[in-house]
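Survey of secondary and tertiary structure
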Amino acid sequence: MNNIVMPSDKPPEITSTDETSLLVIVLDSNPGQKMLKDNPHILTHCVDSVIAFANCHLMQKSQNKLAIMACHSKASYFIYPGPGKPLDVRQVDGQYEVFTAVEKTTKQNLSKLLSSENSTVVTESLLAGAMAMALCYIARMQRTKPLGAKLNCRILVVTGSGCSASQYMNYMNVFFTAQKQCVVIDVCALDQHLSLLQQGCDITNGLYLKVPQLQGLLQYLLWVFLPEPPVREKLVLPPPVKVDYRAACFCHRELIDIGYVCSVCLSIFCKFSPICTTCHTVFKMPAPLAVKPKKKKIKL
Amino acid sequence: MADNGLSSSNHESTLIKPTNLECKNLYDYLKTRPSNVLERLYNHPTICLAVYRELPELARQYVIRILFVEQPVPQAVVASWGSQAFSKEHVYVSKVLTELAVWQEAAIPGGLLGWILSPTFKRNLKVALLGGGKAWSMSSALEADSKARDVTFLDAYSLERWECVLHYMVGSQQQEGISADAIVRRKSGIFLLQYLDTVEERGLDLVECLTFLFQLSFSTLGKDYSTEGMSPGLLVFLQHLREFGLVYQRKRKAGRFYPTRLALNITCTQNKGVTNIEEDSPKGYIIVETNYRVYAYTDSNLQVALIGLFTDLMYRFPNLVVGVITRESVRQAFRGGITADQIIGYLKQHAHPQMLQVDNRQPLPPTVVDQIKLWEMERNRLTYNEGVLYSQFLSQADFNVLKEYAQSNGSLIWCNKEKRTLVINKHAHDDVKKFWKRYSKGN
């Protein structure tokens, strides 16, 4: 708007972002993950890396904000900032006391969580639920921030779980809400390739990375996920790969190439059914030849 | 045309010279320190942390990327991290990192040049980030304070103290203008740098004081810290800071102190109005209308005086002053050494929440912003260049040849065809002279 360019002998105009950046890390701590079952010690390594990464985020700018969530098979919890009063942390070594506070709070809350976990029945992690909670948290921060402040928000999911189509609906709701709220979703897959979450990254302009070697987790996190979205365009980062956009059918939660779509609510089914299970619309039974009914092909 | 090589300003010598306002941030300050001082500074995790935060965005990413790498990284590799479109920024960032001695050039077997982080810087940044090493000096354990102070109390205290210093410092209206046009945080930063320049004369150790200052800036508001284990010099320094309102101490010998908001912000010298996300940060109070009227909801004499520096005050009510920005009032401010950016920055910084509701990024009416800038540009119609005059050409052809040569070089400052005179940039003089010799020999 200011169209007058002032002469100045300053260094080349560097576009820098003076905005606050909020990072919510969703850490999958479900003991049922395959890689943790094989070798439980990996969790310590992952937690250490994530905490170091979180502190690096706080180190970038003094006004940066952070939240860490633990995601389990039954519920998700905020482990930083934890419930209740913040810990009164005094410095013990040369570490900046804010970083010490992050480390202590996170570890304390996580160990509390893991020791209270008693069920032996292992189900999949509720990643979609955790991400929805993260979005709520972000929405609250956006609402309470003072007028005039700009808050860049993003969610980083660190998980070793496999992809499950059973949460397909929840995932999609989260992804499109995030897109609408301008929240970037980054995903760091530790163990298996996650095609659904990859879609989410693609939708929200986030980054997806399947870590090739778990040993170097911290370096991968720092290289790829530390730069906040406005800075990313200045750096060369892994290019987006072709995203598998197959949808899961609503009846069996399986990824399908071709299926039936309800003309009213756009629910997807792998088999024709006369009544839509989502919106209860009644379709006319197909005439003798079952080719005509409202049937759309989903393109890949 | 070109940059003004000569400084055009000759301001009255005031307590704080206007030039300090333009360049004194942490980067400029450290850049001028000799490398052995920097090396000593980097021995402290706090300073590494502060320097790291002051680095440009891209530089911070570079440092993080090589923080855990033990060998030098080839320069070509580092250059390939940034995308093509921002190569200029990459060059600038590399320069900053070199100037601050954060990284050094190192040869890689195979004849390539690489970058490696300064070992001291690397070690201590890691300590700040991941832990290890010794605790910072002021963090000895303390039992709970029976008379603990809360954040509101500290804020009120620091503001009162700081205004005292300001009033003492500024005898005349003129000087007040210069020191007060920026926000309090900026002011305190500049003032402190000024003070730091005199620290060594007072027999205090600069490195020690700086380290302490940075530790202070990384402390938590509303928390008490111990003075145990501080050297006598540092205790004297602490008393000085107490006088500026940077720390609160109930008694001189209390053994504990509370940092105030001023101290926390001391190292954030980025002059862009970094809006604090904290809910308890002070609210803006200024409304600017497109008809150049300024309404300031305040009862503080200092704030009214500040507004009065660049506006003509019209009305004054118990909680409101109304002024109007005019060419004369703004020029008066310019004469006092205030820049347009500072005025606009001040208005923006303290914009009333109502103004922010309309447009977050541009709370001020663009016409007013542009006009203030135009009024400033009016005063800078002259640019100064060091040049060499070429005249008395024998023929128009000779003149043309030389003119074209200089033009293609970009060193031509001014020319007149009728009088056959040229003014050429001083730096290019040797080059043009050589060319002329070659040319006249050829003929």
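Residues numbered from 1 in each chain as written. Chains lettered and ligands numbered in written order. Predicted model: local features only at pLDDT ≥ 70, side-chain atom pairs only at ≥ 80, totals over all residues. Heavy atoms only, no water.

Here we look at the packing of aromatic side chains
The final tally for this structure, using the stated rule, is 23 aromatic pairs over all chains. Geometrically, the ring pair formed by Tyr-96 of chain A and Phe-218 of chain B is edge-to-face, given 4.9 Å between the ring centres and 70 degrees between the ring planes. Of this pair, Tyr-96 of chain A sits in the loop between strand S3 (76–80) and helix H3 (97–116) while Phe-218 of chain B sits in the loop between helix H12 (206–217) and strand S4 (225–226), each in a different chain. Centroid distance Phe-212 of chain B to Phe-237 of chain B: 6.2 Å. Interplanar angle 75 degrees. Geometry classified as edge-to-face. Taken together, the residues span a long stretch of sequence, with Phe-212 of chain B in helix H12 and Phe-237 of chain B in helix H13 (residues 232–244) at a distance of 25 residues. Phe-237 of chain B carries the same exposure label as Phe-212 of chain B, and that label is buried. Clustering of aromatic rings is evident, with ring pairs tying together Phe-393, Phe-399, Tyr-405, Phe-435, Trp-436 and Tyr-439 of chain B. Above the ring of Trp-81 of chain B, the side-chain terminus of Arg-65 of chain B is found at 5.3 Å from the ring centroid. (Phe/Tyr/Trp six-rings, centres within 6.5 Å; stacked < 30°, edge-to-face > 60°. Helix = DSSP H or I, 4+ residues; strand = E, 2+ residues; numbered from the N terminus. Buried < 20%, exposed > 50% of the residue type's maximum accessible area, 1.4 Å probe, protein only. Lys NZ or Arg CZ within 6 Å of the ring centre and 35° of its normal.)

Digging into the domain arrangement of chain A
Residue and element names in this part refer to chain A. As far as domains go, chain A holds domain 1 (3–9 + 18–232) and domain 2 (246–286). Of note, the centres of domain 1 and domain 2, computed from C-alpha atoms alone, are 34 Å apart. Facing the 6 residues of domain 1 at the interface are 6 residues of domain 2. With both sides pooled, the region where domain 1 packs onto domain 2 buries about 560 Å², and carbon together with sulfur makes up 66% of that total. It is Ala-165, Tyr-168 and Met-169 that lose the most area in domain 1 upon contact with domain 2, and together they represent 70% of the buried surface on that side. In this structure, the connection of domain 1 to domain 2 is made through 0 salt bridges. Remark: the boundary between domain 1 and domain 2 carries 1 residue pair in polar contact (both at pLDDT 80 or more). Elements with a minimum of two residues in the side of domain 1 that touches domain 2: helix H5 (168–180) and helix H6 (195–204). Among the residues forming the side of domain 1 that touches domain 2, the class breakdown is 3 nonpolar, 3 polar and no charged. (Domains from an automatic or database assignment. Contact = heavy atoms within 4.5 Å. Buried area = accessible area lost by both parts, 1.4 Å probe. Salt bridge = Lys/Arg side-chain N within 4 Å of Asp/Glu carboxyl O. Polar contact = N/O pair within 3.5 Å; in protein donor to acceptor, adjacent residues only side chain to side chain. Nonpolar A, V, L, I, M, F, W, Y, C, P; charged D, E, K, R; others polar.)

Considering the sheet that holds strand S4 (residues 151–159) of chain A
Residues and elements named next belong to chain A. Spatial strand order, S3-S2-S1-S4-S5-S6: 6 strands in an open sheet with mixed pairing. Either end of the sheet is taken by a strand with one partner, and the two such strands are S3 and strand S6 (208–210). The sheet shows a mean angle of 20 degrees between the axes of neighbouring strands, direction not considered. One ladder, built from 4 bridges, connects strand S2 (residues 65–71) with S3; its direction is antiparallel. (Pairing = 2+ DSSP bridges. Axes fitted to C-alpha atoms, helices over the stretch in contact; angles between N-to-C directions.)

Observations regarding the confidence of the model for chain B
Residue and element names in this part refer to chain B. In this model, chain B carries a mean pLDDT of 76, and residues with pLDDT of at least 70 account for 77%. Under a pLDDT of 50 for its full length, residues 170–186 has, in the predicted model, 42 contacts with residues more than four places off or in other chains. The model gives residues 269–280 a pLDDT under 50, and that stretch makes 30 contacts with residues more than four places away or in other chains. Scored as a whole, the predicted complex attains pTM 0.71, and scored at its interfaces, ipTM 0.80. (pLDDT = per-residue confidence, 0-100.)

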